[in-house]
Amino acid sequence: MRLVEPHTEADPAALLVQFLAGFGNLVGRGPHFTVERTEHGPVLFCALVGESAKARKGSSWSHVERLLVAIDPGWAVRLQGGLSSGEGVIWAVRDPILRRDPIRKGERGRISGYEEVEADPGVSDKRLLVYEPELASVLRVMEREGNTLSAQLREAWDGRPLRVLTKQSPAQATGAHISVVSHITADELRRYLTRTETGNGTANRFLWFFVSRSKVLPDGGAIDEVDFAPLTARLRSAAEWARALGPRELRRDDEARELWHAVYEKLSDGKAGLLGAVISRAEAQVMRIALISALLDESPVIRRVHLEAALEVWR
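Criteria and cut-off values
Residues numbered from 1 in each chain as written. Predicted model: local features only at pLDDT ≥ 70, side-chain atom pairs only at ≥ 80, totals over all residues. Heavy atoms only, no water. Helix = DSSP H or I, 4+ residues; strand = E, 2+ residues; numbered from the N terminus. Polar contact = N/O pair within 3.5 Å; in protein donor to acceptor, adjacent residues only side chain to side chain. Contact = heavy atoms within 4.5 Å. 1 Å grid on protein atoms, 1.4 Å probe; cavity = no way out; pocket = protein on both sides within 12 Å on 5 of 7 lines; lining within 4 Å. Points joined across faces, edges and corners; volume = space filled by probe spheres on them. Nonpolar A, V, L, I, M, F, W, Y, C, P; charged D, E, K, R; others polar. Pairing = 2+ DSSP bridges. Salt bridge = Lys/Arg side-chain N within 4 Å of Asp/Glu carboxyl O. Buried < 20%, exposed > 50% of the residue type's maximum accessible area, 1.4 Å probe, protein only. Phe/Tyr/Trp six-rings, centres within 6.5 Å; stacked < 30°, edge-to-face > 60°. Lys NZ or Arg CZ within 6 Å of the ring centre and 35° of its normal.

Chemist: Looking at this structure, how should I read the side chain of Gln18?
Modeler: Tracing the backbone through its elements, the reader meets Gln18 in helix 1 (residues 12-27). At 2.9 Å, the side chain of Gln18 forms a polar contact with the side chain of Ser60. When sequence neighbours within four positions are dropped, the list of residues in contact with Gln18 reads Cys46, Leu48, Lys57, Ser60, Trp61, Val64, Val181 and His183.

The following block contains the structure:
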């Protein structure tokens, strides 16, 4: 943020949260923390809310995207958009699809049995970051009867297998690692975030940030003169270190545990109405951010500084 912020009109909060979501996706599935029997990986869904063409939402993402692609060029193909259906999400991270073909023998081609053949090789890289600059259109799609997008996004955030039980949708996805970065205006949000999506748990899986233009730069700053090489090297090292951990659980150290005990009751204290529904996953969201902060630090434990950073993002 210190490198980019002087040269952009984007909101610092927009730079930060999109970077955290992007880095968590780039790391992939593996490192996690556990609450009871539920594993939480470095997965964030974030939504930037700001005035159209004035909040510099798109500009903020372009800076983040360029840095993340520099860290891991192969990840660029796992950056996709166009959320329209649950089946589409599954297809982007699908497992191999098998079908049963008849085995025919003899001149008359009599069926002597069946064999399984691979109809589709599936997707080997299960990382997917969905960039959706028009979240309003996604919320409208979710209102359509029979659309499974909302349900599949909830399952993706939870890290569960994805499948739709219909004959027309044979694809399923296991081990998927899906993150979402999205943009919307405040007016659109009020209009299209329905009580259904709030009540069924879709909205509280998103982190909502109000963003605005941070400054006026008539000449656009001098971002091309910034040397990103040292930062890129550090981030590439952190990403490789995190991936090398594999399916490892990160736990809080003693100081972080003490702070967690102090803030947990307030975080988990429910609030009434729409606001209460949207922020009701505070504990999980804060710990996911703390996990990503620890991975950026190449720390095998979640320390107090990581939890403090996550609490500040949440605040």
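Right, picking up where we left off after that structure.
Chemist: Explanation requested: the layout of surface pockets in the structure shown.
Modeler: Rolled over the atoms, a probe as big as a water molecule pinpoints where empty space is left. By volume, the largest pocket amounts to about 830 Å³. Lining the largest pocket are 26 residues, with Met1, Phe19, Leu231, Leu235 and Leu296 positioned closest to its centre. Counting residues per element, the ones that place at least two in the lining of the largest pocket are helix 1, helix 2 (57-71), helix 8 (229-244), helix 11 (282-296) and helix 12 (304-314). Sort the elements by how many residues they give to the lining of the largest pocket and helix 12 lands first, with five residues. Looking at the lining of the largest pocket, its residues break down into 19 nonpolar, three polar and four charged. By volume, the second largest pocket amounts to about 700 Å³. Along its surface, the second largest pocket is lined by 28 residues, and Trp208, Phe209, Phe210, Val278 and Ile279 are the ones closest to its centre.

Chemist: Would you mind going over the sheet that holds strand 10 (residues 177-184) with me for this structure?
Modeler: Across a sheet, paired strands are connected by hydrogen bonds in the backbone, their directions being either parallel or antiparallel. One open sheet accounts for five strands, arranged 4-7-10-3-11; its pairing is parallel. The sheet is open, and its two borders are formed by strand 4 (79-80) and strand 11 (206-210), each paired with just one other strand. Two elements, strand 4 and strand 7 (residues 127-132), share two bridges in a ladder whose sense is parallel. Paired with Gln80 across the strands is Val130, a residue of strand 7.

Chemist: I would appreciate a short explanation of the environment of Arg99 in the present structure.
Modeler: Tracing the backbone through its elements, the reader meets Arg99 in strand 5 (residues 97-105). Considered as a pair, Arg99 and Glu116 are 17 residues apart in the sequence and their alpha carbons are 5.5 Å apart. Apart from the residues within four sequence positions on either side, Arg99 is in contact with Glu115, Glu116, Val117 and Ala119. Polar side-chain contacts of Arg99 include one of 2.9 Å to the side chain of Asp101.

Chemist: Honestly, the pattern of salt bridges in this entry has me stumped. Any pointers?
Modeler: A pair can form between side chains of opposite charge whenever their charged atoms are brought close. Taken as a whole and assessed by the stated rule, the structure comprises 19 salt bridges. Measuring nitrogen to oxygen at the nearest pair gives 2.9 Å for the salt bridge that ties Asp101 to Arg99. Classification of Arg99 as partly exposed rests on a relative accessible area of 44%. Its salt-bridge partner being Glu249, residue Arg251 comes within 3.5 Å of it at the nearest N-O pair. Note on Arg251: relative accessible area 56%, which makes it exposed. Overall, Glu249 belongs to the partly exposed group, its relative accessible area being 30%.

Chemist: Would you mind going over the packing of aromatic side chains with me for this structure?
Modeler: Pairs of aromatic rings are described using the distance from one ring centre to the other and the angle between the two planes. Here the structure, examined in full by the defined rule, presents five aromatic pairs. Taken together, Phe45, Phe206 and Trp208 form an aromatic cluster joined through their ring pairs. The lysine or arginine in question, Arg94, covers the ring of Trp91, its NZ or CZ lying 3.9 Å from the ring centre. For Arg140, the ring lying beneath its charged end belongs to Tyr192, and the centroid distance is 5.0 Å.

Chemist: I'm lost on helix 4 (residues 135-142) in this one. Help?
Modeler: With respect to burial, helix 4 is a largely interior element, six of its eight residues being buried. Those residues of helix 4 that sit buried are Leu135, Ala136, Val138, Leu139, Val141 and Met142.

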